[in-house]
Amino acid sequence: MSYLSQPLDAKVLQQAAIWVQSSPVWLCTVLHTWGSSPRSPGSLLVAMQDGRQVGSLSGGCVEDHFIREIAKGRWQQPSQVIRYGDGELAPDVSLPCGGILEILVEYLPASELSVIYLQQQLKAVQGYQAMRKQLRLPEACSAIVPEELTGTTAICYQHPDIEIRIAAAPRLLVAGYSPVAHYCLEFAHALGFETVLLEPRENVLATLAEQCPPNTNVINSFPAKYLEQHGCHSNTAIVALTHDPRMDDLTMMEAVNTPAFYIGAMGSTRNSAKRRERLERIGELTKDQLSRIHAPIGLAIGSKTPAEIALSILADIVRIKNLGTLSTRALLQDTLEQQLNIDADVGSSCMI
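Residues numbered from 1 in each chain as written. Predicted model: local features only at pLDDT ≥ 70, side-chain atom pairs only at ≥ 80, totals over all residues. Heavy atoms only, no water.

A. Focus on the sheet that holds strand β3 (residues 53–55). Read across the open sheet, the 5 strands follow the order β3-β2-β1-β5-β4; overall the sheet is antiparallel. Each end of this open sheet is capped by a strand with a single partner; those strands are β3 and β4 (79–84). Each adjacent strand pair in this sheet contributes to an overall mean axis angle of 20°, direction not counted. Judged from the 3 bridges that link them, strand β2 (residues 44–47) and β3 form a sheet pairing that is antiparallel. Bridge pairing links A47 to Q53 in β3. Relative to β2, helix α2 (residues 63–71) is tilted by about 40°, and along the sheet it contacts β1 (25–34), β2, β3, β4 and β5 (100–108). (Pairing = 2+ DSSP bridges. Helix = DSSP H or I, 4+ residues; strand = E, 2+ residues; numbered from the N terminus. Axes fitted to C-alpha atoms, helices over the stretch in contact; angles between N-to-C directions. Contact = heavy atoms within 4.5 Å.)

B. Layout of the environment of I309. Within the secondary structure layout, I309 lies in helix α10 (residues 306–323). With 12 residues separating them in the primary sequence, I309 and I297 have C-alpha atoms 8.9 Å apart.

C. Quick look at the sheet that holds strand β14 (residues 262–265). Spatial ordering of the open sheet is given by β12-β11-β10-β13-β14-β15, a layout of 6 strands whose pairing is parallel. Edge positions in the open sheet fall to β12 (217–219) and β15 (293–294), since each of these has one partner strand only. Summarising the sheet, strand β13 (residues 236–240) and β14 pair through 4 bridges and their orientation is parallel. By the bridge assignment, A240 is partnered in β14 with A265. Contacting β10 (171–175), β11 (194–198), β12 and β13, helix α6 (residues 223–230) crosses the sheet at an angle of about 140° to β10.

D. Structural detail: the pattern of salt bridges. Applying the stated rule across the entire model yields 17 salt bridges. In this structure, R171 engages E194 in a salt bridge whose closest nitrogen and oxygen atoms are separated by 2.9 Å. A residue pair is termed long-range when its members are at least 10 positions apart, and R171 in strand β10 and E194 in strand β11 qualify at 23 residues. Taking the relative accessible area as the measure of exposure, R171 reaches 13% and is therefore buried. When the shortest N-O distance is used, the salt bridge between E199 and R201 registers 2.7 Å. Overall, the relative accessible area of 24% leaves R201 in the partly exposed class. Ionic contacts of the salt-bridge type, sharing partners, join the residues R132, E147, E163 and R165 into one network. (Salt bridge = Lys/Arg side-chain N within 4 Å of Asp/Glu carboxyl O. Buried < 20%, exposed > 50% of the residue type's maximum accessible area, 1.4 Å probe, protein only.)

E. Quick peek at α10. Taking 1.5 Å per residue as the helical rise, α10 with its 18 residues ought to reach 26 Å, and the 25 Å between its terminal C-alpha atoms agrees with that figure. Of all the positions in α10, only A310, S312, I313, L314, D316, I317 and I320 are classed as buried. Those residues of α10 that are buried are in contact with β10, α4 (179–190), β13, β14 and β15. Note on α10: the residue one or two positions beyond its end, G324, has a positive phi of about 75°. (Expected span 1.5 Å × (residues − 1).)

F. Seen up close, the nonpolar core. Within the largest apolar cluster, 33 residues are counted, with the highest numbers of intra-cluster contacts made by L31, L104, L118 and I162. Mapped onto this core, the elements with two or more residues apiece are α1 (8–19), β1, β2, β5, α3 (112–125), β6 (131–136), β8 (154–158) and β9 (161–166). Not counting residues up to four positions away in its chain, the partners in contact with I162 are L31, V81, L104, K133, Q134, L135, L137, C156 and Y157. With 25 residues, the next largest nonpolar core counts L197, V204, Y262 and I313 among its residues. (Core = buried A, V, L, I, M, F, W, Y, C linked by side-chain atoms within 4.5 Å.)

G. Region of the structure containing the pairing of β8. Pairing of β8 with β9 involves 5 bridges; the strand directions are antiparallel. Paired with I155 across the two strands is I164, which belongs to β9. Counted between consecutive antiparallel strands, the loop separating β8 from β9 contains 2 residues.

H. Examining a nonpolar patch on the surface more closely. A contiguous nonpolar patch, built from L299, I301 and L311 and spanning about 250 Å² of accessible area, is present on the exposed surface. Among the structural elements, L299 can be located in the loop between β15 and α10. (Patch = residues over 30% accessible without salt bridge, like charges linked within 9 Å, V, L, I, M, F, W, Y side chains within 5 Å. Areas by Shrake-Rupley, 256 points an atom, 1.4 Å probe, with all protein chains shown as cover.)

I. Region of interest: unusual backbone geometry. With omega at 0°, the peptide bond leading from L137 into P138 counts as cis. The topology assignment puts P138 in the loop between β6 and β7 (143–146). Here the residue pair A295 and P296 is connected by a cis peptide bond, since its omega of 0° sits within 30 degrees of zero. Among the secondary structure elements, P296 is positioned in the loop between β15 and α10. In this structure, W75 is a non-glycine residue whose phi angle is positive, near 60°.

All we've got here are geometric facts, nothing functional implied.
What follows is the structure, given as structure tokens:
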């Protein structure tokens, strides 16, 4: 996977593993946010004492102050939690709309052990193996172990103990290139997705060097065959956007056998109904399998142009990624309420 095609948090960990070979680094993880904050829990930043950094904590609101403090040699315990936005740290620095940001800061000395530690987390973010890391403030991480792959990164902080389950970055698998696919790949990368285009057509591949978004991992493979051989992890969205039944139908037939959180195919209501009939009659898909397919794909925003259609598709994917279906959304809310007890103080939090 090229550096450009990787999601932001993977770039953070990859750069940190390079820097820490010769210099100490500060690895920062957003633990929790209250109110408005541009970065979600689990987001990463790495910084060096000379001011170099990759990633972000808040979209630019607190980074300058944070880097200045590191330059002064602050935060050199193996782990510590700091907060912005409530007067505790840098009262002159505020987040939008009065938000509060809680950050885990890990000081990693230059060593081979630090390199290995960062590479373990990088593998999780890239989708090779989910990890769970545990630490007790102010000590270094005591355990980082593989676990069953989870859909999203989850954090539980009950002072002084912190547990972070690191999942793969979200991935968008696009079956076949098209104008709508082009914008989907661009939007998805901007939203932090790993973007993969599965394209078997030689005439299309010949022009992709000039047309395809530069951050896309292009794989010369028939989409259904790729899914059959390689599958995907549960933080994957699979979309078929060619209007070619041979490619789109077969992609859907394989996609429903994967744990992907989102599966969709482009087409009008009439064409989607015809596809559904074909998948049920020829592909022998069950009603449960058919119910997983979003078709027509995307949110109903009256989209007409390829960019507008892509926007509606990515909006729907992000909606499901963040909120789940109606049933899983209710279950998630119940779980969060039990963990947080709604009115628990901000010193103890669990976030998914």
